[in-house]
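Residue-level structural notes
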Amino acid sequence: MTTYPTTITGLKAGLKAGDFTAVELIQHTYQAIEAKEDQVQSFINYQNHKEAALEAAKAADERGYGEDSPILNGIPLAIKDNIVTQGFATTAASKMLEDFIPTYDAHVITKLKEAGAIIVGKVNLDEFAMGGSTENSYFKTSRNPWDLERVPGGSSGGSASAVAARQVPASLGSDTGGSVRQPAAYTGIVGMKPSYGRVSRYGLIAFASSLDQIGPMTLTVEDNALLLQVIAGLDAHDSTTLDDDNLDFSAKIGQSIKGLKIAYPKEYLSDAIQPEVRQAMDKAADYFKSQGAIVEEVSLPHSQYGINAYYIISSAEASSNLQRFDGIRYGYRAEDVHNLEDIYVKSRSQGFGAEVKRRIMLGTFSLSAGAYDAFYGKAAKVRTLIRQDFERVFEEYDLIMGPVTTSTAYKIGERQSDPLEMYVADLLTVPINLAGIPSLAIPAGFDEGGLPIGMALTGPNLSEALLYQVAYAFEQGHDYLDLEPKL
């Protein structure tokens, strides 16, 4: 019986050695998806992708696995369902787009196909990426593979649960305020929020355009760096992408971290943080010291205002971006309508879920004539102060360490009745997006209940290679990734 590795690097080696073909690997991947899907509920759609995936696998086998073959030739991946895929439904987990079939591929999808990767399905998320638990999906609530009664995080919860459950070796998510890093932390995998502009947003259904970034979610640091290398780069369709040819994010992996200066913000270790999470961070700091790094306490004084600023700015941008879903051009249209206003009001009222409507209203209010200066204008100024806090720290330190989340994964339904409590859960992640800098979530232990704890490594703009270097050094000293959920 063939044994299939669970990582990208392991699968690449197996394909090259002839241990299995891409066709066999894709067949195995669908078996793994089907065997666990009833439990974890990761996917919105995978059945419709199967025929195309097997055809792509045949093409990968015909190309072969020599030194000149595409870097991800034959490797299966899952894609968050707010990233458009030509000819295959892209729903953003919303009734509004339940039947939407895109006519083009997102830039990252084009890059993946050029690299030989094979898309096996689209995975679940909070509707339009608005939420932190995947409970806001129109279709289903995804489950945390470590405890099926708990959330996998959000909004990229399906991306995280699919990788953590070993249904796929990797996936793409999107991160507006922590939506790659928080679910990665809750499910014990690796998730990167790249520098703003590092990855094209062309074909990503917009939530908050000045904050959104697509990021890779994998089981290992090495896999994560490889996947980011494939999807990063300049794109003429996205004027915010960066013209940077230095995309070898694996370049520093394996190098010593001796002498690196790591900042440890006191604001990340307040009483709001679960004690076991704080303890895991202290142990991580001790490990870095044992490897010759310097770890010192610093302050990010304006991070306490991050939640307030983030939810004003992101909701304002969401209000603007979601105006296009009006029941006229594409998407859901209400049936019982008698005039143009009916189409707008009923289609949007019926097509959007409660959380999306809540944020549209908050954003519209923040941008209104009487409230703009008091809310949006002030939030923009706070954003600048937060960015300056990070810049000051990076003048003296190479990177920042801290927890990804205030706690480990909570139970499904536990916070759904209190939106404010859900928002506060993003306390540690949203300042990163406001500053536009990269941050990498990696496994850092487990709490007493056996739930994963995530650590964030955050660096200055375009420091992804450094973050992978430090994360790999930590990964090599621990066996967290050798453990997997028992499904």
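What you see is a predicted model, and the numbers here were worked out from it, not measured in a lab. (Residues numbered from 1 in each chain as written. Predicted model: local features only at pLDDT ≥ 70, side-chain atom pairs only at ≥ 80, totals over all residues. Heavy atoms only, no water.)

Taking strand neighbours across the sheet as the criterion, the 11 strands line up as β1-β3-β2-β4-β6-β5-β10-β11-β9-β7-β8 in an open arrangement whose pairing is mixed. Taken across any chain shown, the strands that pair with only one partner, and hence form the sheet edges, are β1 (43-45) and β8 (294-298). Direction aside, the axes of adjacent strands within the sheet are offset by 30° on average. Here two bridges tie β1 to strand β3 (residues 118-123), and the two strands are oriented antiparallel to one another. (Pairing = 2+ DSSP bridges. Helix = DSSP H or I, 4+ residues; strand = E, 2+ residues; numbered from the N terminus. Axes fitted to C-alpha atoms, helices over the stretch in contact; angles between N-to-C directions.)

To continue, consider the UniProt feature "domain: Amidase" (unreviewed entry) in the protein. As annotated by UniProt and renumbered to match this structure, "domain: Amidase" (unreviewed entry) occupies residues 24-467. The distance separating the terminal C-alpha atoms of residues 24-467 is 35 Å; by composition the span is 37% helix and 14% strand. (UniProt positions renumbered as here; feature names shortened; annotations may be inferred.)

Side chains carrying opposite charge are able to pair once their charged atoms draw close together. For the coordinates displayed, the defined rule picks out 16 salt bridges. Two residues, lysine 113 and aspartate 105, come together in a salt bridge whose shortest N-O distance is 2.8 Å. A salt bridge links arginine 392 to aspartate 389; its shortest N-O distance comes to 2.7 Å. Placement of the pair is arginine 392 and aspartate 389 together in helix α12 (residues 373-396), with a separation of three residues, close to one helical turn. The class for arginine 392 is partly exposed, based on a relative accessible area of 44%. Of the residues examined, aspartate 389 reaches a relative accessible area of 2% and is grouped as buried. (Salt bridge = Lys/Arg side-chain N within 4 Å of Asp/Glu carboxyl O. Buried < 20%, exposed > 50% of the residue type's maximum accessible area, 1.4 Å probe, protein only.)

Here helix α2 (residues 22-40) contains 19 residues, and its C-alpha end-to-end distance of 25 Å stays within 8% of the 27 Å for a straight helix at 1.5 Å per residue. For α2, the principal kink sits at glutamate 34 and spans about 30°. All of the buried residues in α2 are Ala22, Val23, Leu25, Ile26, Thr29, Tyr30, Ala32, Ile33, Glu37 and Val40. Check the buried side of α2 and you find it contacts α1 (8-17), β1, α3 (50-63), β2 (76-80), β3 and α5 (157-164). Positive phi appears at glutamine 41, one or two residues downstream of α2, with a value of about 55°. (Expected span 1.5 Å × (residues − 1). Bend = angle between axes of the 7 residues up to and from the residue. Contact = heavy atoms within 4.5 Å.)

The next point concerns the UniProt feature "active site" (unreviewed entry) in the protein. When the UniProt feature table is mapped onto this chain numbering, "active site" (unreviewed entry) sits at Lys80, Ser155 and Ser179. For the annotated residues, spread through 100 residues, the largest C-alpha to C-alpha distance comes to 11.0 Å, consistent with a single compact locus. Within the fold, serine 155 resides in the loop between β3 and α5. The residues contacting serine 155, other than those within four sequence positions of it, are Lys80, Asn124, Leu125, Asp126, Ala129, Met130, Gly131, Gly132, Thr134, Ser174 and Ser179. Assignment of secondary structure puts serine 179 in the loop between β4 (170-175) and α6 (181-187). Setting aside chain neighbours within four positions, we find serine 179 in contact with Lys80, Ala129, Gly131, Gly154, Ser155, Ser156 and Ser174. Reaching out from serine 179, the side chain makes a polar contact with the backbone nitrogen of serine 155 at a distance of 3.0 Å. (Polar contact = N/O pair within 3.5 Å; in protein donor to acceptor, adjacent residues only side chain to side chain.)

With that settled, consider the environment of serine 314. Along the chain, serine 314 turns up in helix α9 (residues 306-321). Look at serine 314 and you get buried, because its relative accessible area is 0%. Contact partners of serine 314, with chain neighbours within four places excluded, come to Phe207, Ala208 and Leu211.

Before going further, it helps to examine unusual backbone geometry. In terms of backbone geometry, most residues other than glycine have negative phi values and most peptide bonds are trans. Residue glycine 154 is joined to serine 155 through a cis peptide bond whose omega torsion reads 5°. Located in the positive-phi region is glutamine 41, a residue other than glycine, with phi close to 55°. On the secondary structure map, glutamine 41 appears in the loop between α2 and β1. On the accessibility criterion, glutamine 41 (21% relative accessible area) is partly exposed. We note that alanine 92 has phi near 55°; this positive angle belongs to a residue other than glycine. Here alanine 92 shows up in the loop between β2 and α4 (107-114). Alanine 92 gets classed as buried once you look at its relative accessible area, which sits at 0%.

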